[in-house]
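Summary of structural features
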Amino acid sequence: MWNEVKTNLSSAKVYLKEFLFFNAIFILLLFFIVENKIILITLIALILLFGLIFLNVVGYKRNRELKTIESVISGIRKNTINHPEEIKLKENLHSLQDEIQQMFEKERNDIEYLKRLERMRTEFLANVSHELRTPIFAIQGYIETLLDGAIDDEKVNKYFLDKANQHTINLSNLLNDLIDISMIESGEMRMSYRYFDINDYLSQIIQEMMPIAREKNIELVYHPAKEGLQLFGDKSRLKQVFINLITNAIKYTEQGKVEVLIVEESKYGKIIIRDTGIGIPQEDINRIFERFYRVDKARSRAVGGTGLGLAIVKHIVEAHNSKIEVKSELGVGSEFSFKLKK
Ligand code: ADP
């Protein structure tokens, strides 16, 4: 009991100054009012006694509050609290209770986020290793076959070399895309926005891509916008967006055409890349922008895809405060579009 009183009083020490101040005022008043010494001393003793009892009660309450706070914090630390509603303090500590509940929620969300990042990192590493292994194994296989004698067989030696060469191209595409994506995701991609003439810019890109379309017998058409239309963006980053989107449109189209057109709106120019290709199943549309997601892995690899092209496109378009949209119908074609500021 005495120990408890000691703890209470020591806890109430923080109010000692106020306690002494008010006691001193009372005692001073008594000096003026009470003349009888015995009554005066008795009253002073009573004031001090009640003061101490009061301090003891205050200390007791303070201790209980601190204990509840301590047990809440230790519950959070030891993970025995699973829900913010389990954090309960006394009524007079409601605002502190709210703060702790919010801190708990934020900490839980941060941990969830970090765990998700960690899962994504592991998944990404597994994907990268797998993607690297595929062309390296293939190149190794072709070279071994050639060394084992196929090099002297005129019927197959060039075919094997061609195949090995194709896989080295895939490998180099993959490495380039990996460098781009890691630069973009680590925030190292510096953007440099300017107004530029969209017709000049897109006509040049289309010219550069014409041979790839011709090789597949696909018509590549650019429908120019109003003469002199200026759009705002980073030309060199956007070039990668257009190359990836137009290459995909050609890659995933067996016959027909790929069109690039601009729809002018009041504040934006909407750029559309449309093809008459194989289309994308509805259930895959929301996933094609994920790293390494392909609708048909074998087909993508066969046409030199890395599975990173659209992830890069999405990052760059979003860096322009825009959003990439897709419409597609299986067997009919696909349409990718995004807006740039006028
Ligand atoms: P990839 O290197 O495999 O082409 P992308 O990230 O560029 O990777 O595209 C992801 C997937 O989206 C592709 O594997 C393909 O299945 C699908 N895709 C992208 N563009 C088109 C398109 N124009 N038509 C049909 N499918 C497409």
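Everything below is about the structure printed above this text.
Here the focus is the overall build of the protein. Within the protein, the regular secondary structure consists of 10 helices and seven strands. Radius of gyration (C-alpha) of the protein: 37 Å, far over the 20 Å computed for a compact globule of 342 residues. Here the protein, with 342 residues, has 37% of them falling under the buried criterion. Restricting the contact set of the protein to residue pairs at least 6 apart, pairs at least 24 apart contribute 70%. Accessible area of the protein: about 22,000 Å², with a carbon and sulfur share of 58%.

Residues in contact with the ligand amount to 20 residues; listed here are only the nearest, Tyr252, Ser300, Thr306, Gly307 and Leu310. A distance of 3.3 Å separates an oxygen atom of the ligand from a polar backbone atom of glycine 309. The side chain of serine 334 places a nitrogen or oxygen atom 3.5 Å from a nitrogen atom of the ligand. Contact with the protein chains hides 98% of the accessible area of the ligand, taken as 530 Å² for the molecule alone. Secondary structure elements with two or more residues in the shell around the ligand: α7 (235-251), α10 (309-319) and β7 (333-341). The residue makeup of the shell around the ligand, split by class, is nine nonpolar, eight polar and three charged.

Here we take up the pattern of salt bridges. Inspection of every chain in the model, using the stated rule, returns 15 salt bridges. Of the charged contacts in the structure, one is a salt bridge between glutamate 118 and arginine 121, with a shortest N-O distance of 3.2 Å. Placement of both glutamate 118 and arginine 121 in helix α4 (residues 94-147) is noted, with a separation of three residues, approximately one turn of the helix. Classification of glutamate 118 as partly exposed rests on a relative accessible area of 39%. Owing to a relative accessible area of 47%, arginine 121 belongs among the partly exposed residues under this scheme. Residues glutamate 208 and lysine 239 are paired through a salt bridge, measuring 3.1 Å at the closest nitrogen-oxygen approach. Pair noted here: glutamate 208 is in helix α6 (residues 198-215) and lysine 239 is in helix α7, with a separation of 31 residues, a long-range link. You can call lysine 239 partly exposed: its relative accessible area is 29%. Shared partners join several salt bridges into a network, and the residues in it are Glu131, Arg294 and Arg301.

Quick look at the sheet that holds β7 now. Backbone-to-backbone hydrogen bonds join strands into a sheet, with any given pair of strands oriented parallel or antiparallel. If you trace the five strands from one edge of the open sheet to the other, you get β2-β4-β5-β7-β6, paired in mixed fashion. If you trace the sheet from one side to the other, it starts and ends with β2 (219-223) and β6 (325-329), each paired once. Within this sheet the neighbouring strands show an average axis-to-axis angle of 15°, counted without direction. In this sheet, β7 lies alongside β6 in antiparallel orientation, the contact comprising five bridges.

Contact pair α6 / α7: the axes reach a minimum separation of 11 Å and the direction vectors enclose 35°. Viewed along their axes, α6 and α7 form a crossing whose handedness is right-handed. Seen from α6, the contacting residues are Tyr201, Leu202, Ile205, Ile206, Glu208, Met209, Ile212 and Ala213; seen from α7, they are Lys235, Leu238, Lys239, Phe242, Ile243, Ile246, Thr247 and Ile250. Considering only residue class, the contact of α6 with α7 consists of 12 nonpolar, one polar and three charged.

Rules used throughout
Residues numbered from 1 in each chain as written. Predicted model: local features only at pLDDT ≥ 70, side-chain atom pairs only at ≥ 80, totals over all residues. Heavy atoms only, no water. Helix = DSSP H or I, 4+ residues; strand = E, 2+ residues; numbered from the N terminus. Rg over C-alpha atoms; globule rule 2.2 N^0.38 Å. Buried < 20%, exposed > 50% of the residue type's maximum accessible area, 1.4 Å probe, protein only. Contact = heavy atoms within 4.5 Å. Areas by Shrake-Rupley, 256 points an atom, 1.4 Å probe, with all protein chains shown as cover. Near = heavy atom within 4 Å. Polar contact = N/O pair within 3.5 Å; in protein donor to acceptor, adjacent residues only side chain to side chain. Nonpolar A, V, L, I, M, F, W, Y, C, P; charged D, E, K, R; others polar. Salt bridge = Lys/Arg side-chain N within 4 Å of Asp/Glu carboxyl O. Pairing = 2+ DSSP bridges. Axes fitted to C-alpha atoms, helices over the stretch in contact; angles between N-to-C directions. Left-handed = near helix turned anticlockwise from the far one by under 90°.

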